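A structural walkthrough
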Amino acid sequence: MTETTGRRRAATTVTVVAALLTAGLASALAPAAYADSPSAPAPVPAAELAQARSAVQDPAVLDKVGHFFARKGVPPTRQLTIGAAEEARAASAAAPRLAGDTVPVYLLDPGFVAGTPGAPVAKAEFTASKVVAADGQSASVWTVRQGGAWKVVNIASGGDESDYAAKAAGSGGGTAFREPQVNAWYVLRDGRVLPLDDEALRSVGAGGVTLAAYQQLVHQRYGDKLPGSAYDRTGRGGGYEADTAAQPEAVSQPVAEAAGGGSPLPAVTALAALGATALVGAGAVLRRRTAVRRG
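Residues numbered from 1 in each chain as written. Predicted model: local features only at pLDDT ≥ 70, side-chain atom pairs only at ≥ 80, totals over all residues. Heavy atoms only, no water.

Further remarks concern the pattern of salt bridges. Within the structure shown, the criterion is met by six salt bridges. Between Arg 145 and Glu 48 there is a salt bridge; the shortest N-O distance is 2.9 Å. Highlighted residues: Arg 145 in strand β4 (residues 138–146) and Glu 48 in helix α2 (residues 46–56), separated in sequence by 97 residues. Look at Arg 145 and you get buried, because its relative accessible area is 13%. Residue Lys 130 pairs with Asp 163 through a salt bridge whose shortest N-O separation is 2.9 Å. Of the two residues, Lys 130 sits in strand β3 (residues 122–132) while Asp 163 sits in helix α6 (residues 160–170), which places them 33 residues apart along the sequence. (Salt bridge = Lys/Arg side-chain N within 4 Å of Asp/Glu carboxyl O. Helix = DSSP H or I, 4+ residues; strand = E, 2+ residues; numbered from the N terminus. Buried < 20%, exposed > 50% of the residue type's maximum accessible area, 1.4 Å probe, protein only.)

On to α2, then. Along α2, the residues classified as buried are Glu 48, Leu 49, Ala 52, Ala 55 and Val 56. Buried residues of α2, viewed axially, fall in a sector of 115 degrees; they line one side. (Arc of directions from axis to C-beta.)

Let us now look at the side chain of Ser 129. Looking at the secondary structure, you find Ser 129 in strand β3. A residue is classified by how much of its surface remains accessible, and Ser 129, at 0% relative accessible area, is buried. In terms of polar contacts, Ser 129 uses its side chain to reach the side chain of Thr 102, at 2.7 Å. In this structure Ser 129 touches Arg 53, Val 56, Leu 98, Thr 102, Ala 139, Ser 140, Val 141 and Ser 162, once residues within four positions along its chain are discounted. (Polar contact = N/O pair within 3.5 Å; in protein donor to acceptor, adjacent residues only side chain to side chain. Contact = heavy atoms within 4.5 Å.)

Predicted confidence across the chain gives a mean pLDDT of 74, with 64% of residues reaching 70 or more. Overall, residues 237–250 carries pLDDT values under 50, and its contacts beyond four positions in sequence, including any with other chains, amount to 53 contacts. (pLDDT = per-residue confidence, 0-100.)

Counting buried positions along strand β6 (residues 175–179) yields four of five residues, so the element is predominantly enclosed. Pairing of strand β2 (residues 103–108) with β6 involves two bridges; the strand directions are parallel. Bridging across to β6, Tyr 106 finds its partner in Phe 177. Sheet topology places β6 next to strand β7 (residues 184–189); five bridges connect them, and they run antiparallel. Bridge assignment links Ala 176 to a residue of β7, and that residue is Val 187. Between the antiparallel neighbours β6 and β7 lie four residues, among them Asn 183 with a positive phi of about 55 degrees. (Pairing = 2+ DSSP bridges.)

Leu 108, Phe 112, Val 121, Phe 177, Tyr 186 and Tyr 214 are the most contacted members of the largest nonpolar core, which has 23 residues in total. Among the secondary structure elements, those contributing two or more residues to this core are β2, α5 (110–114), β3, β7, α7 (198–204) and α8 (211–222). Per element, the largest residue contribution to this core is four residues, and it comes from α8. Counting residues in hydrophobic clusters, the runner-up holds 16 residues, among them Ala 128, Val 144, Ala 176 and Leu 194. (Core = buried A, V, L, I, M, F, W, Y, C linked by side-chain atoms within 4.5 Å.)

A few words now on unusual backbone geometry. What you tend to see is this: most non-glycine residues have negative phi, and most peptide bonds are trans. Positive phi, normally seen in glycine, also occurs at Ala 95, with a value near 45 degrees. With respect to the helices and strands, Ala 95 occurs in the loop between α4 (84–94) and β1 (97–98). Even without a glycine there, the phi angle at Asp 190 is positive, about 55 degrees. For Asp 190, the position within the fold is in the loop between β7 and β8 (192–195).

Quick look at α8 now. Two residues of an α-helix separated by three or four positions point the same way, owing to the 3.6 residues in each turn. The end-to-end C-alpha distance of α8, which contains twelve residues, comes to 16 Å, matching closely the 16 Å that a straight helix rising 1.5 Å per residue would cover. Residues of α8 that are buried include every one of Leu 211, Tyr 214, Gln 215, Val 218, His 219 and Tyr 222, and no others. When α8 is viewed along its axis, its buried side chains cluster within an angular range of 135 degrees and face the same direction. (Expected span 1.5 Å × (residues − 1).)

Right, dumping it as structure tokens:
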């Protein structure tokens, strides 16, 4: 477990979550060329987003977010310098409230990396709702579909998911998505992949690249690290220590296990919702991790 050290943080080792690894051996060995017409990420119905938002508005969830704010990043397993009663008062004073829209969060799709015909550049893996405190702190509450209902699985510092979706919408529209391995946020617009943050800017340049060029780029980066690859078979698919010199970190609290499906979003575990890379051993950067799990 780590403590929040600010909005920019260090990298951490990642455990790959099998639920996110949808590309098999055949697709892992597919050629780099993206043979079929580009496919945009599938949208999540507004009714589903409304249900996800309703789950976040549960008073018990908002109370948990209040304690998240009150602890200012200190994990529940660590003792605060204040007592339980003072923490409870601070949690109440935080008065957490939702801000902005509940958004689907799209992550780079392994099938796209492999060059699978028709695979979208990214898939919606969970939803995020930004919550703000009276003192200006913000957090992102993540939900997935479980057993026919939307469940909260994580509370994370900051609001990147909602902020980048809003930035994409305000700059001309399109679908915001994340390449977790380098913590880069992009927008897919009119067949081009354009940068939304500094990591993406370094990756594709200010003018972005075509979707086909981006596919070749990520295939070069991760095509030999997909499920069934030699990299995977050597046992390094569980992640490795990345260069910690200028990478982001943060704190988050998974609050429930996620499983089951029947959702437009794929069924994922709580760890998957925490952003573990969808590509075997690609050295994913975790923007904000660490927390206590509710049993």
